Amino acid sequence: MPTVSFEHIVKSYGSLTVLNDLNLAVEDGDFLVLLGPSGCGKTTLLNLLAGLLEVTDGRIMIGDRDVTDLDPKDRGLAMVFQSYALYPTKTVHGNLKFGLSASKLPREEIEQRIAWAAKLLQIEPLLHRKPGQLSGGQRQRVAIGRALVKNVGVFLFDEPLSNLDAKLRTEMRLEIKKLHDELKSTIVYVTHDQIEAMTMATKIAVMDGGVIQQFGTPDEIYERPANLFVAGFIGSPAMNLREATLRVNGSKVTADLAAGMALDLTGYDFETAPQDGTRIIVGLRPEHFGVPDMAEPNAAASFTLPVQYTERTGSDATVYLSLDNQLLALRVAPDAASRLKPGTSVSVDFMPGKANIFDAQTGRRM
Ligand SMILES: Nc1ncnc2c1ncn2[C@@H]1O[C@H](COP(=O)(O)OP(=O)(O)OP(=O)(O)O)[C@@H](O)[C@H]1O
Ligand SMILES: [Mg+2]
């Protein structure tokens, strides 16, 4: 199956440049998610690959073929859109078949592919129904089926689940992931939903303002965000970001979080040598704190702060502490949250080796 690469891609609409010298390579069999806020250029990039838009400059390769100037139908890919417009008057079978009507395949081959896709997507019992007689999730499966029957090496998805309710979205997420595991095809999937990205992707390209902010595996992006944008965008509740000053004293490196509150950075894997006095932003994930019940023996920092309020979601809870008029979010077990009453003070630890340090000036990971 082919790799996909974007080389020095520029896309402008008149004087507005949406993508500027973008480079990205998708490995064979990867599930690449393009993740970013609304308007960052995800759909533009996907449509350039599909051939629905023309590049202003640069080259797109699929395998060893330069497809930059090829017609969409000659690129060897299939696309599933957010609005999956099925033909209301055709049956599911008719809708699947329609995707192949231009292909001049023998009838037998067409039927084989429809049967194969219907089985894989578990829509065999629905083949004779019309879209109006299907649930949202079933319709979405038919839309995916219409792409599957094309039997191509690369599938493109543009926010295919955003019209579904939360429960269905979770189910379809798992199904698309299973499909990828089975087909081992290359997938490029656009979403602004970080949970979709984290759960399905083998690689994520985090985009903002038409620029790829970070490209890596979900773990790399979560554990080592390359800059403040990625740090703030990935994670819910979001990473706590706090200004501080770096203190270097021999081999001892600490961050002054507040008066008398130092965070021990022993063991932090600095990408650039730490300089005493540098203004930094310290990133602390809500799940990396220990509250009294689960105190950290080797805590990187321990402090006592007042509880502002708590938020419970059933399986999970977030406690907000106040630190110099800023809120610090901590993820705790629900029963711990019920004991942490607003107005009381709580002593908390921060786990060693879990901080993220960014240069306050450039926003880059240090
Ligand atoms: N035809 C066009 N003319 C001018 N600007 C456009 C055109 N199409 C898109 N844009 C602009 O290009 C930028 C990227 O748009 P794009 O549709 O790629 O965003 P997106 O990341 O897919 O966002 P969303 O999550 O909202 O779908 C936006 O600022 C948008 O306004
Ligand atoms: Mg879009």
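None of these values were measured; they are calculated from a predicted model. (Residues numbered from 1 in each chain as written. Chains lettered and ligands numbered in written order. Predicted model: local features only at pLDDT ≥ 70, side-chain atom pairs only at ≥ 80, totals over all residues. Heavy atoms only, no water.)

Novice: So what's going on with the packing of aromatic side chains? Residues and values would help.
Specialist: Summed over all chains, the structure comprises seven aromatic pairs. With centroids separated by 5.7 Å and ring planes inclined at 45°, the aromatic side chains of Phe31 and Tyr189 adopt a geometry described as tilted. With Phe31 in strand 3 (residues 31-35) and Tyr189 in strand 8 (residues 186-191), the pair connects residues that are 158 residues apart, well separated along the chain. Given a relative accessible area of 0%, Phe31 falls into the buried group. Here Tyr189 falls in the buried class, since its relative accessible area comes to 0%. Taking 4.6 Å as the distance between ring centres and 70° as the angle between the ring planes, the aromatic pair formed by Tyr268 and Phe270 counts as edge-to-face. Residue classification places Tyr268 among the buried residues on the basis of a relative accessible area of 12%. An aromatic cluster is defined as three or more aromatic residues linked by ring pairs; in this entry it consists of Phe31, Phe157 and Tyr189. Above the ring of Tyr13, the side-chain terminus of Lys11 is found at 5.2 Å from the ring centroid. Across the ring face of Tyr222, the terminal group of Arg285 is positioned such that the distance to the ring centre comes to 3.8 Å. (Phe/Tyr/Trp six-rings, centres within 6.5 Å; stacked < 30°, edge-to-face > 60°. Helix = DSSP H or I, 4+ residues; strand = E, 2+ residues; numbered from the N terminus. Buried < 20%, exposed > 50% of the residue type's maximum accessible area, 1.4 Å probe, protein only. Lys NZ or Arg CZ within 6 Å of the ring centre and 35° of its normal.)

Novice: Describe in detail the domain arrangement of the protein, supporting the description with residues and values.
Specialist: Taken domain by domain, the protein holds domain 1 (4-233) and domain 2 (240-359). Here the C-alpha centre of domain 2 lies 39 Å away from the C-alpha centre of domain 1. When the two sides are added together, the surface that domain 1 and domain 2 hide from each other amounts to roughly 750 Å², 49% of it contributed by carbon and sulfur. Run the count over domain 1 and domain 2 and you get two salt bridges. Its salt-bridge partner being Glu271, residue Arg224 comes within 3.0 Å of it at the nearest N-O pair. Connecting domain 1 to domain 2 are three residue pairs in polar contact (both at pLDDT 80 or more). Residue assignment for the side of domain 1 that touches domain 2 shows that the elements contributing at least two residues are helix 7 (218-223) and helix 8 (228-233). Here the side of domain 1 that touches domain 2 is composed, by residue class, of five nonpolar, one polar and two charged. (Domains from an automatic or database assignment. Buried area = accessible area lost by both parts, 1.4 Å probe. Salt bridge = Lys/Arg side-chain N within 4 Å of Asp/Glu carboxyl O. Polar contact = N/O pair within 3.5 Å; in protein donor to acceptor, adjacent residues only side chain to side chain. Nonpolar A, V, L, I, M, F, W, Y, C, P; charged D, E, K, R; others polar.)

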